[in-house]
Amino acid sequence: MPRPIPVLPATPLPAVVAVESEHTRRPIRWVYASLLLLASVINYVDRQTLSVLAVTIQKDMGLSDVRYGTVVQCFLLTYMVMYVVSGRLVDRFGAKWPQGIFLFCWSIANALTGMATGFASLAACRAALGAAEPGNYTASLRAVGDWFSAKQRAVAVGLYSMGGTLGAAIAVPVTATLTMRYGWRSAFVVTGAMGAVIALIWLVVYRDPKDAVPAERVPAAPWSVVLRQPYIFEMLGTRMMTDSVWFFFLFWASKYMQESHGLSLKEIGTTLWVLYVGADIGSFAGGWLSSFMVPQRGTVGARFAVMMPAAACMLSLSVVPSLSGAGMAIALLTLLALCHMAWMTNVTTLALDLFPKAMATTVQGMIGAASAAGGLISAGLIARTIHAYGYRPAFLVMALMHPIAAIILYIRLRPAVGRAGLVLGESQGL
């Protein structure tokens, strides 16, 4: 049985740190970070197009809430499986080619959604989209680990995470406008074509670093080693809990506002984008704030300094169904989207802080799969709960997810949080 790769090496490797400091100072890294942001924008535009048009497509195809929930589950099932697969592929081949290929494939799948004729073809197209989209996040994490120092990683992760929520914000007015002018199918075809262009730009511009850390060139760590790492199961379990809340924001918020507050598609297009702008702010601000605190608190302590108050704020999700006005509901959901993405940026960066580079994207793939599993389970439960009891019970349960997850992670990672002077990523030569 192989011994686990240590999470906290006793002595940093000077040569490794020297090599890292050389290529993590190059200005080109910010060009690559901008491309990651652009890829994440189109990733969420493609994903959110269906969510914005859920009510329209349900009426056109005669789909019930349960069948819509099943379509969402088809997306999340393949998303869950391919998150693990994409993590291993990125560990083996680097960020360039996996990102480009996955981006092109999910763009084609999104365009084909515009040609769906019923439940089966719609579910198949979204399953194909789910199979390709996870590669964006494992490749993005690898690129950030390749090109950014431990102090800057949360900013870079926040940047491409912000791209996702920016894409969700853009998707709302763009999808509504295209649908009202050219029909709902045009929204999928146009956004799919945009993604294919971005894939080509990525493949032409991005380069994996030539002076990579030696640890990058070793084979991906065996599963037996990965699964024996400290904190791995806590990371998996808590992401399964909290990401189910974000999937609700993505797949059900538009339906909730239309069905509970009577907003039209046009009104959704002119108002709900604010929710995702709040998420954008949370992504970037959460990453910047924890990076600012790294010198004083260490990497893990800085992440928790942002995550804990964000998790506490999520308790107010329980009062959303009690709000009578659409404006108040959108305002509170926007604040909570900000808090969730501040949490998400920092808990994602923990994968780079806590695990060696030889397994970082494999771990991220497992975490992404756990995230999708949470969304997969919750999508079915939410659909059936809404059908039988309305939205209130769903909001009450989701309000508890982040606080419980924060308590679990803090208890387990408390020794690492206490190492205020330790910059974990640098000590691993990440």
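Our structure is the block above this text.
What to know about the packing of aromatic side chains
Summed over all chains, the structure comprises 19 aromatic pairs. With 5.5 Å between their ring centres and 85 degrees between their planes, tyrosine 68 and tryptophan 252 make a pair best called edge-to-face. Of this pair, tyrosine 68 sits in helix 4 (residues 65-93) while tryptophan 252 sits in helix 11 (residues 232-261), placing them 184 residues apart in sequence. The pair formed by tyrosine 68 and tryptophan 252 is uniform in burial state, with each residue classed as buried. Measuring from centroid to centroid gives 5.8 Å for tryptophan 246 and phenylalanine 249, while their planes differ by 25 degrees, and the two rings are stacked. Remark: phenylalanine 249 and tryptophan 246 occur in helix 11; sequence separation between them is three residues, near one turn of the helix. Using a relative accessible area of 1% as the deciding quantity, one classes phenylalanine 249 as buried. One aromatic cluster in this structure is built from Phe75, Tyr79, Tyr83, Phe247 and Phe251. The aromatic ring of tyrosine 44 is capped on one face by arginine 47, whose charged end is 4.4 Å from the ring centroid. Sitting over the ring of tyrosine 68, lysine 255 keeps its end group 5.7 Å from the ring centre.

Observations concerning unusual backbone geometry
Glycine aside, the phi torsion of most residues is negative, and most peptide linkages are trans. Phi at tyrosine 231 takes a positive value of approximately 75 degrees, unusual for a residue other than glycine. Here tyrosine 231 lies in the loop between helix 10 (223-226) and helix 11. Judged by relative accessible area, tyrosine 231 falls into the buried class, the value being 13%.

Here's the deal with empty space enclosed by the protein
Empty space left among the atoms is revealed by rolling a probe the size of a water molecule over them. Following the criterion strictly, the structure yields four cavities of 30 Å³ or more and no others. Size it by volume and the largest cavity reaches roughly 280 Å³. Lining the largest cavity are 19 residues, and of these Tyr44, Tyr83, Tyr137, Arg239 and Met344 lie nearest its centre. Taken together, the elements giving at least two residues each to the lining of the largest cavity come down to helix 2 (28-52), helix 4, helix 8 (150-182), helix 11, helix 14 (326-354) and helix 15 (357-389). When grouped by side-chain class, the residues that make up the lining of the largest cavity number nine nonpolar, seven polar and three charged.

Quick word on a nonpolar patch on the surface
Judged by side-chain polarity, Ile28, Val31, Val197, Leu200, Ile201, Val204 and Val205 come together as a nonpolar surface patch covering roughly 550 Å² of accessible area. When residues in the nonpolar patch are grouped by element, the largest group, five residues, is from helix 9 (residues 184-205). Tracing the sequence through the fold places isoleucine 201 in helix 9. Exposure remark for isoleucine 201: the relative accessible area of 36% places this residue in the partly exposed category.

Some points on the side chain of lysine 96
Its place among the elements puts lysine 96 in helix 5 (residues 96-113). It turns out lysine 96 is buried and unbridged, and the closest side chain with the opposite charge, aspartate 208, is 7.2 Å from it. Of the polar contacts made by the side chain of lysine 96, one reaches the backbone oxygen of leucine 203; its length is 3.3 Å. Apart from the residues within four sequence positions on either side, lysine 96 is in contact with Trp202, Leu203, Tyr206, Arg207 and Asp208.

Cut-off values and rules
Residues numbered from 1 in each chain as written. Predicted model: local features only at pLDDT ≥ 70, side-chain atom pairs only at ≥ 80, totals over all residues. Heavy atoms only, no water. Phe/Tyr/Trp six-rings, centres within 6.5 Å; stacked < 30°, edge-to-face > 60°. Helix = DSSP H or I, 4+ residues; strand = E, 2+ residues; numbered from the N terminus. Buried < 20%, exposed > 50% of the residue type's maximum accessible area, 1.4 Å probe, protein only. Lys NZ or Arg CZ within 6 Å of the ring centre and 35° of its normal. 1 Å grid on protein atoms, 1.4 Å probe; cavity = no way out; pocket = protein on both sides within 12 Å on 5 of 7 lines; lining within 4 Å. Points joined across faces, edges and corners; volume = space filled by probe spheres on them. Nonpolar A, V, L, I, M, F, W, Y, C, P; charged D, E, K, R; others polar. Patch = residues over 30% accessible without salt bridge, like charges linked within 9 Å, V, L, I, M, F, W, Y side chains within 5 Å. Areas by Shrake-Rupley, 256 points an atom, 1.4 Å probe, with all protein chains shown as cover. Salt bridge = Lys/Arg side-chain N within 4 Å of Asp/Glu carboxyl O. Lys, Arg positive; Asp, Glu negative; His and termini not counted. Polar contact = N/O pair within 3.5 Å; in protein donor to acceptor, adjacent residues only side chain to side chain. Contact = heavy atoms within 4.5 Å.

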